[in-house]
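Tertiary structure, described
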Amino acid sequence: MNDITPAVQANNLIKHFPSRTGTVEAVRGVDLTVRAGEVFGFLGPNGAGKSTTVRMLTTLLSITSGSASVAGLDVASEPDGVRRRIGVALQEAGLDPRQTGRELLVLQARLFGLSPQDASRRAQELLALVELGDAADRLIKGYSGGMERRLDLASALVHEPEVLFLDEPTTGLDPASRLTVWDEVRRINARGTTVFLTTQYLEEADVLCDRLAIIDDGLIVREGTPARLKAGLREREGLDREPTLDDVFLDATGRKRERVAGEVQEVSA
Amino acid sequence: MSQAWVLGQRALREARRSPDALLPTLFIPLFFLVVNTGQAAKIFPGSSTGFLHGQGYGAFQLPITLLLAASFGTAALFLVEDIEGGYFDKLRAAPVSRSAIVLGRLVAEAFKGVLIACLIIVLSLVFGIDIASGPLGFVLLVALTALWSVVYVGFMQIVALKTRSAAATNSAGLVFFPLLFLTPNLVPRDLLTKPMEIAATANPVTYVMEALRSLILQDLRWGKIALGFGVVGVLGVVMVLANVRTIENYD
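Residues numbered from 1 in each chain as written. Chains lettered and ligands numbered in written order. Predicted model: local features only at pLDDT ≥ 70, side-chain atom pairs only at ≥ 80, totals over all residues.

Let's shift gears to the overall build of chain B. Helices and strands together make up the secondary structure of chain B, namely eleven helices and zero strands. From first element to last, N terminus to C terminus, chain B shows the α and β order α-α-α-α-α-α-α-α-α-α-α. Across the 251 residues in chain B, those meeting the buried criterion constitute 46%. Excluding contacts between residues fewer than 6 apart, the proportion of contacts in chain B whose partners are at least 24 apart in sequence is 76%. (Helix = DSSP H or I, 4+ residues; strand = E, 2+ residues; numbered from the N terminus. Buried ≥ 20, exposed ≤ 12 C-beta atoms within 10 Å, placed from the backbone. Contact = placed C-beta atoms within 7 Å.)

Here is the structure:
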């Protein structure tokens, strides 16, 4: 993949699921371009189509219509080539609790074609990178949520992917663990890996992402840099203050903050 | 195949670290062996019962014990855990051939089948059961049991992949279970009532059981042995192909 080839490109990407009452249109025509080397944020409310889009881009879900390429390869026709070039850490930290952290990383490296010796060496490097060296030989079922996330991240990096997909990597983490994951994302990106990040935390997107897109009801409703999106909202609404990314998100998705200031409910025992 | 072997090793580690899942696999079949033999041994004394070929009734019961032990399919439940926990998607997002993901578990199940069969047969030798077909018969007995375990877990894995539910996978095992008992498991086929004989004759498990039984009670009867291996071979191929097809269409 050269610098001109987009890291991720989606053209009118559509996913329908059959249901008892007909068809659910989870993704209704997503167009996206993610440049090589950037951290791209993909935001949206629950059920907007974020994870479905990520699962199509990572070859885990078939595409109903439209097309997508990752690292210059077509997702539908060259899925194995795409898998060799991407790292994936999904919403659920996909770990096997009956293995140790080291065993999991060695296995993952072996599946990417490394020899047993190289796999062991790579596992050791990654354990040091995510600061899990002390817990490397403990069973994963004894890891904390933050440790699991870091290990999941490490397992997505065994083959030094060109594009890293992180689906809500900090959901459920305490603030300290969240900051650790942010540092990891920055470090990975600084090494040249494109990061495609979905999140529900707007502060996270604001801090980490070069550009972002907001998806709602299966369609992209905003796309741009955080600064440009905020400036756009201020100009459009004539605001006299700098809007936050929360404001952009609420405006884009048509949602409102519920304020009931001044209303006090009396509660009697 | 190397990917299947790497994943098979992982499945074996998983089994070794879950001995609680293995214990019922041994306990329940051995319980049936003791109970069935205790109840019927007096009715069928070894000295005067032709179909026992001079052995005790325990030897006649050993095949159903082996088949029961090889029919628990815990590997399929581990697969559901992988699906629910997200590890299955991790594997699918890696450049691993789809078939290696299911074959890895089947390879591991064959190894577990060998271990379980050896344990039960050695235990039965201690209690005076002979393997009349000798060392080669012992090897064939173990191999046939292990291959049966692959067939059974292959079926369970299809259910696991289709339903992605531990409860449904467990229930599917119960659907398969009656086939183990619609067999000549208490007496030879020619002593069954007519309806049971017809059911047993139509049931492929009968031929696996009769092959196992011939290896325990008689010298090498190649006709019966070939039939048993043939049934397991055909079912095994069907299950492996169905597994590969199911995972390739997994969405």
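Having seen the model, we can carry on.
A separate point is the overall build of chain A. Of the regular secondary structure elements, chain A holds nine helices and ten strands. Computed over C-alpha atoms, the radius of gyration of chain A comes to 20 Å, within 12% of the 18 Å expected from 2.2 N^0.38 for 269 residues, which places it in the range of a compact globule. Taken along the three principal axes of its C-alpha coordinates, chain A extends 65 × 55 × 45 Å. Counting over 269 residues, chain A shows a buried share of 45%. (Rg over C-alpha atoms; globule rule 2.2 N^0.38 Å.)

So, on to the sheet that holds strand β9 (residues 211-216) of chain A. By way of backbone hydrogen bonds, the strands of a sheet pair with one another, either parallel or antiparallel. Residue and element names in this part refer to chain A. In space, the six strands of this open sheet follow the order β6-β7-β8-β3-β9-β10, with mixed pairing throughout. In this open sheet, the two strands that pair with only one neighbour each are β6 (86-89) and β10 (219-224). Between one strand axis and the next, the sheet turns by 15 degrees as a mean value, whatever way the strands run. Here strand β3 (residues 39-43) pairs with strand β8 (residues 194-199) via five bridges, running parallel. By the bridge assignment for β8, Val 39 is matched with Val 195. Those strands touched by helix α1 (residues 50-57) are β3, β7 (163-167), β8 and β9, and its axis lies near 150 degrees from that of β7. (Pairing = 2+ DSSP bridges. Axes fitted to C-alpha atoms, helices over the stretch in contact; angles between N-to-C directions.)

So, on to the packing of helix α4 (residues 74-85) of chain B against helix α7 (residues 134-163) of chain B. All names here are of chain B. At a minimum axis separation of 8 Å, α4 and α7 run at an interaxial angle of 25 degrees. Classified by the interaxial angle, the pair formed by α4 and α7 is roughly parallel. As for the relative orientation of α4 and α7, their crossing is right-handed in sense. Between α4 and α7, the residues in contact are Ala 75, Ala 76, Leu 79 and Val 80 and Val 153, Met 156, Gln 157, Val 159 and Ala 160, respectively. (Parallel < 35°, antiparallel > 145°, perpendicular 65-115°, else oblique. Left-handed = near helix turned anticlockwise from the far one by under 90°.)

Below, the discussion takes up the nonpolar core. Residue and element names in this part refer to chain B. The biggest cluster of nonpolar side chains holds 150 residues, and the ones touching the most others in it are Leu 141 and Val 208. For this core, the element with the highest residue contribution is α7, accounting for 17 residues. Excluding its chain neighbours within four sequence positions, the residues that come into contact with Val 208 are Leu 67, Leu 144, Trp 148, Gly 228, Val 231 and Val 232. (Core = buried A, V, L, I, M, F, W, Y, C linked by C-beta atoms within 7 Å.)

Residue and element names in this part refer to chain B. Of all residues in chain B, 100% have pLDDT values of 70 or greater, and the mean over the chain is 93. No element of chain B has a lower mean pLDDT than helix α8 (residues 166-181), at 86, and none a higher one than helix α10 (residues 204-217), at 97. For this predicted complex, the interface confidence reaches an ipTM of 0.87, while the overall pTM sits at 0.87. (pLDDT = per-residue confidence, 0-100.)

Listed as interface residues are 18 residues of chain B and, on the opposing side, 23 residues of chain A. Only α1 (2-16) and α5 (87-92) of chain B provide two or more residues apiece to the side of chain B that touches chain A. The element contributing the most residues to the side of chain B that touches chain A is α1(B), with five residues. Split by residue class, the side of chain B that touches chain A holds six nonpolar, four polar and eight charged. (Nonpolar A, V, L, I, M, F, W, Y, C, P; charged D, E, K, R; others polar.)

All right, on to the environment of A:Asp80 then. Residues and elements named next belong to chain A. Mapped onto the secondary structure, Asp 80 falls in helix α2 (residues 79-85). Asp 80 sits in the exposed class, given 12 other C-beta atoms within 10 Å. Measuring from C-alpha to C-alpha, the distance between Asp 80 and Thr 59 comes to 8.6 Å, with 21 residues separating the pair along the chain.

We now examine the pairing of β8(A). The two faces of a sheet get side chains in turn, since along a regular strand they alternate between them. All names here are of chain A. Judged by how many residues are buried, β8 sits mostly within the fold: six of six residues are covered. By the alternation rule, side chains of β8 split into Thr 194, Phe 196 and Thr 198 and Val 195, Leu 197 and Thr 199, which are all buried. Across five bridges, β7 lies against β8 in parallel orientation. In the strand pairing of β8, Phe 165 is matched with Phe 196. At this point the chain moves from β7, through helix α6 (residues 175-190), to the parallel β8, and the crossover so formed is right-handed. (Right-handed = clockwise from strand over helix to strand, strands pointing away.)

What follows is about the packing of helix α3 (residues 101-111) of chain A against helix α4 (residues 116-129) of chain A. Residues and elements named next belong to chain A. With their axes 8 Å apart at the nearest point, α3 and α4 run at an angle of 130 degrees to one another. Accordingly, the angle class assigned to the pair α3 and α4 is oblique. Seen along the crossing, α3 lies across α4 with a hand that is right-handed. From α3, Gly 101, Arg 102, Leu 105, Val 106, Ala 109 and Arg 110 reach across to α4, where they touch Pro 116, Ala 119, Ser 120, Arg 122, Ala 123, Leu 126 and Leu 127. Considered class by class, the residues forming the contact of α3 with α4 number eight nonpolar, two polar and three charged.

Below, the discussion takes up α10(B). Taking 1.5 Å as the rise per residue, α10(B) with 14 residues should run 20 Å; its terminal C-alpha atoms sit 20 Å apart, in good agreement. Burial of α10(B) is extensive: 13 of the 14 residues sit out of reach of the surface. (Expected span 1.5 Å × (residues − 1).)

Once that is clear, we can look at the sheet that holds strand β1 (residues 8-19) of chain A. Residues and elements named next belong to chain A. Read from one edge to the other, the open sheet built from four strands follows the order β2-β1-β4-β5, with strand pairing classed as antiparallel. This sheet does not close on itself; its edge strands, each paired only once, are β2 (22-34) and β5 (73-74). Relative to β5, strand β4 (residues 65-70) runs antiparallel, the two being bridged by two bridges. By the bridge assignment for β5, Ser 69 is matched with Asp 74. Taken strand by strand, α1 contacts β1, β2 and β4, and its axis lies near 115 degrees from that of β1.

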